[in-house]
Each structure stands twice: as structure tokens, then as C-alpha cells.
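Residue strings, one per chain:
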Amino acid sequence: MMELMIAAGKAIPRLQLEHGLAVDRVYTGSFMTSLDMAGLSISVMKVDEAILQRLDAPTKAPAWPTGVDGKRPPAKIPITVPQPASTQRNE
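Criteria and cut-off values
Residues numbered from 1 in each chain as written. Predicted model: local features only at pLDDT ≥ 70, side-chain atom pairs only at ≥ 80, totals over all residues. Heavy atoms only, no water. Helix = DSSP H or I, 4+ residues; strand = E, 2+ residues; numbered from the N terminus. Buried < 20%, exposed > 50% of the residue type's maximum accessible area, 1.4 Å probe, protein only. Contact = heavy atoms within 4.5 Å. Areas by Shrake-Rupley, 256 points an atom, 1.4 Å probe, with all protein chains shown as cover. Patch = residues over 30% accessible without salt bridge, like charges linked within 9 Å, V, L, I, M, F, W, Y side chains within 5 Å. Salt bridge = Lys/Arg side-chain N within 4 Å of Asp/Glu carboxyl O. Polar contact = N/O pair within 3.5 Å; in protein donor to acceptor, adjacent residues only side chain to side chain. Arc of directions from axis to C-beta.

**Student:** What's the story with the overall build of the chain in this structure? I'm lost.
**Tutor:** In terms of helices and strands, the chain carries 2 helices and 0 strands. Per-residue burial for the chain yields a buried fraction of 11% across its 91 residues. The long-range share in the chain, meaning contacts at least 24 apart out of those at least 6 apart in sequence, stands at 53%. For the chain, the accessible area works out to roughly 7,800 Å², and carbon and sulfur atoms hold 55% of it.

**Student:** Got a minute to help me understand a nonpolar patch on the surface in this structure?
**Tutor:** On the surface, Leu 21, Leu 40, Ile 42 and Val 44 cluster together into a nonpolar patch covering about 350 Å² of accessible area. Tracing the backbone through its elements, the reader meets Leu 40 in the loop between helix 1 (2-17) and helix 2 (49-56). Under the relative-accessibility criterion, Leu 40 is labelled partly exposed at 40%.

**Student:** Hey, could you run me through the pattern of salt bridges in this one?
**Tutor:** Pairs can form between side chains of opposite charge whenever their charged atoms are close. The full count for this structure, using the stated rule, is 2 salt bridges. Where Arg 14 meets Glu 18, a salt bridge forms, and the shortest distance between an N and an O atom there is 3.2 Å. Notably, a salt bridge pairs Asp 56 with Arg 25, separated by 2.5 Å at the nearest N-O pair. With Asp 56 in helix 2 and Arg 25 in the loop between helix 1 and helix 2, this residue pair connects regions lying 31 residues apart in the sequence.

**Student:** I would appreciate a short explanation of the side chain of Asp 56 in the present structure.
**Tutor:** Judged by its relative accessible area of 17%, Asp 56 is buried. At 2.5 Å, the side chain of Asp 56 and the side chain of Arg 25 are in polar contact.

**Student:** Explain helix 2 here, please?
**Tutor:** Every α-helix carries 3.6 residues per turn, so stepping three or four residues along brings you back to the same face. All of the buried residues in helix 2 are Leu 52, Leu 55 and Asp 56. Down the axis of helix 2, the buried side of the element spans an arc of 90°, and every buried residue falls inside it. What points out from helix 2, more than 90 degrees from its buried face, is the exposed set Gln 53 and Arg 54.

Laid out in C-alpha cells, this is it:
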């Protein structure tokens, strides 16, 4: 699990800064597993408010991070977004 958190922590700032994407949700964990699969996968999808509401809807699915009350757990990955290179001072 720690490796997934590290990968997500590295991927999110790159998606935001290098590709200009807004990251609305981050889910880490074993949502789909494969026997003998090495490594990890990152999925990115375009969403609108309707899709976000569906992702946040109450569910009894055992591995999904939204509970039956519809509340999401607090973010587990504090993301520090570095300043773009154009605003950093040369030291």
C-alpha cells in the first residue's frame, strides 16, 4: 500500500502541473487485482458533476471508499504541489 501512496503522490502533481488536469478524486488500493501482475496502474478519467455524485453515492460495495452513509473518508494523500519552474527563484 505504501508504494501505491508514493506513486500517487508523484503522479498527481505531474498531472496538475505538466498536463493542466484538475484532480478531483484520488483512490488508492486494490480495487481490481490480477494474479501474477507486477507493478501498478493509474487510471485517469474525465468527469462532470453527475459522475462525481455517482462516485460519492452511498454503496455497500466492500472495497469502495464511500460508505453506506455517502461520506468519503478523509484524503489519505496530502499532496504538496510544487511551484512551476517559472516562479521559482534561482539560488
